[in-house]
Amino acid sequence: MKYAVISDIHGDSSYLKIALNTLQSSGISFYLLLGDLINHGPRNGLSREYNPMEIPDLLNPLRHQIIAVKGNCDSEVDQKLLEFPLTSPVNTLIIAGQKAAMSHGHIWKPDHAERLGLRKNDIFMSGHTHAAVLERNSAGIIIFNPGSLTFPKGPRPEHTMGIIDEEAGTVTLTDIFGKALSSLKIRE
């Protein structure tokens, strides 16, 4: 299976459309959404294509393939527009035989990975900071922040997302056009 990992859309339908078009031909089994889907947030301003009402139109048809966690800018009103759960602060999956925890990152942060029961070769996914990160921590846990589709921050100027490929055994950070920017093997 392949998993798309997307965070911090913040109501910009143009970047989401590009990402979904890119992913459509990638054989994605599930979309892992790390929160902040519809609302722009008080510190971000409005993006060039801020169209929050189009986000549910783009995501709801994928509802059977979506696993999501709630971000700090997601609200109960947002949940009323979405046809998939967006209320949990954390979800845990098994990917490629490893435990994979997903959180937005404002409550459960990368330095909480071991508190979530993760160990070597497990994956902790979070967004929130908008700064893309793909690395192993000192315990051998993969720390993966796919960055932001809409408001990238940090040293990478690209609008980014990620793909976890079970068959290849990789976690890959890509730009929204599918260009691989960095990759890690799940098992060392």
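Calculation notes
Residues numbered from 1 in each chain as written. Predicted model: local features only at pLDDT ≥ 70, side-chain atom pairs only at ≥ 80, totals over all residues. Heavy atoms only, no water. Helix = DSSP H or I, 4+ residues; strand = E, 2+ residues; numbered from the N terminus. Buried < 20%, exposed > 50% of the residue type's maximum accessible area, 1.4 Å probe, protein only. Phe/Tyr/Trp six-rings, centres within 6.5 Å; stacked < 30°, edge-to-face > 60°. Pairing = 2+ DSSP bridges. Axes fitted to C-alpha atoms, helices over the stretch in contact; angles between N-to-C directions. Salt bridge = Lys/Arg side-chain N within 4 Å of Asp/Glu carboxyl O. Core = buried A, V, L, I, M, F, W, Y, C linked by side-chain atoms within 4.5 Å. Contact = heavy atoms within 4.5 Å.

### Topic: unusual backbone geometry
And step 1. Positioned with a positive phi, Asp36 is a non-glycine residue whose angle comes to about 55°.
And step 2. The topology assignment puts Asp36 in the loop between strand S2 (30-33) and helix H2 (54-59).
And step 3. Under the relative-accessibility criterion, Asp36 is labelled buried at 1%.
And step 4. Here His130, not a glycine, exhibits a phi torsion of approximately 70°, which is positive.
And step 5. Turning to its location among the elements, His130 is positioned in the loop between strand S6 (123-126) and strand S7 (133-136).

### Re the packing of aromatic side chains
And step 1. As enumerated under the stated definition, the model contains 1 aromatic pair in all.
And step 2. Considering the side-chain rings of Tyr3 and Phe30, the 6.0 Å spacing of their centres and the 20° angle between planes classify their relative orientation as stacked. Separated by 27 residues along the polypeptide, Tyr3 in strand S1 (residues 2-6) and Phe30 in strand S2 bring together distant segments of the chain.
And step 3. Taking the relative accessible area as the measure of exposure, Tyr3 reaches 6% and is therefore buried.
And step 4. Exposure remark for Phe30: the relative accessible area of 25% places this residue in the partly exposed category.

### Observations concerning the sheet that holds strand S3 (residues 66-68)
And step 1. Spatial strand order, S3-S2-S1-S9-S10-S11: 6 strands in an open sheet with mixed pairing. Looking at the sheet topology across the chains shown, the edges are occupied by S3 and strand S11 (180-185). Going from strand to strand, the sheet's axes swing by 20° on average, the running direction of each strand aside.
And step 2. Two strands pair when backbone bridges link them, and S1 and strand S9 (residues 160-165) are joined in this way by 4 bridges, in the antiparallel orientation. Residue pairing across strands places Val5 opposite Gly162, the latter belonging to S9.

### Overview of the pattern of salt bridges
Side chains that carry opposite charge are capable of pairing whenever their charged atoms lie near each other.
And step 1. Counted according to the given criterion, the structure contains 6 salt bridges.
And step 2. With a closest N to O distance of 3.9 Å, Asp165 and Lys2 form a salt bridge. With a gap of 163 residues between them, Asp165 in strand S9 and Lys2 in strand S1 connect regions that are remote in the sequence.
And step 3. Given a relative accessible area of 15%, Asp165 falls into the buried group.
And step 4. Close ionic contact of Arg63 with Glu83 constitutes a salt bridge, the shortest N to O distance being 3.1 Å. You can see Arg63 sitting in the loop between H2 and S3 and its partner Glu83 sitting in the loop between helix H3 (76-81) and strand S4 (90-95), a full 20 residues away along the chain.
And step 5. A single salt-bridge network, built from bridges that share partners, covers Lys120, Arg136 and Glu188.

### As for the sheet that holds S7
And step 1. Spatially, the 5 strands line up as an open sheet ordered S4-S5-S6-S8-S7, and their pairing is mixed. The two strands at the open ends of the sheet, each matched to only one other strand, are S4 and S7. Each neighbouring strand pair of the sheet contributes to a mean axis angle of 15°, computed without reference to strand direction.
And step 2. Where S4 meets strand S5 (residues 98-103), 6 bridges bridge the pair, whose relative direction is antiparallel. Each residue of the ladder has a partner; that of Ile95, found in S5, is Gln98.

### Quick word on the nonpolar core
And step 1. One finds Tyr31, Leu33, Leu37, Leu59 and Leu149 to be the most contacted residues of the largest nonpolar core, which totals 25 residues.
And step 2. Contributions of two or more residues to this core are made by S1, helix H1 (13-24), S2, H2, S3 and S9.
And step 3. Looking at this core element by element, the count peaks at 5 residues for H1.
And step 4. Excluding residues within four positions of it along the chain, Leu59 makes contact with Ile9, Leu16, Leu33, Leu37, Ile66 and Phe84.
And step 5. By size, the runner-up hydrophobic cluster in this structure holds 20 residues, among which are Val5, Ile95, Ala100 and Leu173.

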